[in-house]
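Residues per chain, in single letters:
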There are 2 protein chains.
Amino acid sequence: MFVRKHSAMRQVVIEHNRGGEGKHHICHILDPAENPAEMNGKGKMFADTFLEPGSSVGVHEHKGDTEAYYFLEGKGLYTEDGKTCEVEAGDVTLVQDGHSHGIKNIGEMPLRFIALILKS
Amino acid sequence: MFVRKHSAMRQVVIEHNRGGEGKHHICHILDPAENPAEMNGKGKMFADTFLEPGSSVGVHEHKGDTEAYYFLEGKGLYTEDGKTCEVEAGDVTLVQDGHSHGIKNIGEMPLRFIALILKS
């Protein structure tokens, strides 16, 4: 039986993630970086994350994988291949292999989103 | 650029899901059932779901895939291979290929969780 309590998850805080601003808090729901079998070798990340107000993940290119952001709380400005779109709770974005994206918290509360990276 | 607003997601309500009780509300974040390419052919479900109070997903076996439940709100009783464990916000469960699981809302609020099914 696999039940992992929240307190047992690997949690990290990344400053200036991908060249962005401020702090990105990441809680690894499943942890394929530690154990690839947790995502059957098919994924690289399944995490519950938040950006502090004003913080961002800098624009970066995906190679060999795709990444979805599913927003749970807050207000963000999403960038993909130079275009931007405001996002809020309930929205999902998906960057394809070979394309670039970034995300910035433009609200006054944490911008919380699930990040899911699957191999191409 | 892929940005899907919440209102554009496929949302369904399943009664007696897998032989369980009550109603299971499912919002498909990505929708591989409609378009397998959205999960690179590697996944079968990535959904934001909730069970109404007293509702459940009946115990069912997974064949050819695994499923994680990541709990966002509420209180549940998770069953896997006949064993049970209480779960709450921040916990994750993961049923492996060939094993069985179910989940019941034992709280007074909706039991909300992200469901992620990946192929084996």
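Everything numeric in this text was worked out from a predicted model, so none of it was measured.

1. Quick word on the pattern of salt bridges
Considering all chains together, one arrives at 20 salt bridges over all chains under this definition. A salt bridge links D91 of chain B to K5 of chain A; the shortest N-O distance between them is 2.5 Å. You can see D91 of chain B sitting in the loop between β8 (83-88) and β9 (92-95) and its partner K5 of chain A sitting in the loop between β1 (3-4) and β2 (10-15), one on each of two chains. Classification of D91 of chain B by relative accessible area gives buried; the value is 2%.

2. Quick notes on the pairing of strand β3 (residues 23-30) of chain A
Residues and elements named next belong to chain A. Most of β3 is tucked away: 7 of the 8 residues are buried. Sheet topology note: the β2/β3 ladder contains 6 bridges and is antiparallel. In the strand pairing of β3, E15 is matched with K23. Taken together, the 6 bridges between β3 and strand β4 (residues 43-51) define a ladder with antiparallel strand orientation. Counted as the bridge partner of H28 is A47 from β4.

3. Some remarks on the nonpolar core
Counting residues in hydrophobic clusters, the biggest one holds 30 residues, and the most contacted among them are F46, Y70 and L116 of chain A together with F46, Y70 and L116 of chain B. Taken together, the elements giving at least two residues each to this core come down to β3, β6 (65-73), β9 (92-95) and β11 (111-119) of chain A together with β3 (23-30), β6 (65-73), β9 and β11 (111-119) of chain B. Each residue touching L116 of chain B, except ones within four places of it in the same chain, is listed here: M39, F46 and L116 of chain A together with M39, M45, F46, T66, E67 and A68 of chain B.

4. Quick look at the packing of aromatic side chains
Residues and elements named next belong to chain A. Enumeration according to the criterion identifies 9 aromatic pairs over all chains in this entry. Measuring from ring centre to ring centre gives 5.4 Å for F71 and F113, while their planes differ by 45°; the resulting arrangement is tilted. Taken as a pair, F71 in strand β6 and F113 in strand β11 lie far apart in primary sequence, 42 residues in all. Accessibility classification places F71 together with F113 in one group, the buried group. Taken together through their ring pairs, the aromatic side chains of Y69, F71, Y78 and F113 make up a single cluster.

5. Some thoughts on the sheet that holds β2 of chain A
Remark on secondary structure: sheet strands pair via backbone hydrogen bonds, oriented parallel or antiparallel. Pairing within the open sheet is antiparallel, and its 7 strands lie in the order β2(A)-β3(A)-β4(A)-β11(A)-β6(A)-β9(A)-β1(B). Strand pairing shows two members of the sheet lacking a second neighbour, β2 of chain A together with β1 (3-4) of chain B, which therefore form its edges.

6. Comments concerning the interface of chain B and chain A
Taken residue by residue, the interface counts 37 residues in chain B and 37 residues in chain A. Each partner contributes to the roughly 3300 Å² buried at the junction of chain B and chain A, and carbon and sulfur atoms together form 66% of this total. For the chain B face of the interface with chain A, the top three residues by lost area are M1, Y70 and V92 of chain B, together amounting to 19%. Taken together, chain B and chain A are joined by 2 salt bridges. Summed over the shared surface of chain B and chain A, the number is 22 residue pairs in polar contact (both at pLDDT 80 or more). Here the residues of the side of chain B that touches chain A sort into 19 nonpolar, 7 polar and 11 charged. By the bridge criterion, 2 bridges tie β9 of chain A to β1 of chain B in an arrangement that is antiparallel. Residue pairing across strands places V92 of chain A opposite R4 of chain B, the latter belonging to β1 of chain B.

Basis of the calculations
Residues numbered from 1 in each chain as written. Chains lettered and ligands numbered in written order. Predicted model: local features only at pLDDT ≥ 70, side-chain atom pairs only at ≥ 80, totals over all residues. Heavy atoms only, no water. Salt bridge = Lys/Arg side-chain N within 4 Å of Asp/Glu carboxyl O. Helix = DSSP H or I, 4+ residues; strand = E, 2+ residues; numbered from the N terminus. Buried < 20%, exposed > 50% of the residue type's maximum accessible area, 1.4 Å probe, protein only. Pairing = 2+ DSSP bridges. Core = buried A, V, L, I, M, F, W, Y, C linked by side-chain atoms within 4.5 Å. Contact = heavy atoms within 4.5 Å. Phe/Tyr/Trp six-rings, centres within 6.5 Å; stacked < 30°, edge-to-face > 60°. Buried area = accessible area lost by both parts, 1.4 Å probe. Polar contact = N/O pair within 3.5 Å; in protein donor to acceptor, adjacent residues only side chain to side chain. Nonpolar A, V, L, I, M, F, W, Y, C, P; charged D, E, K, R; others polar.

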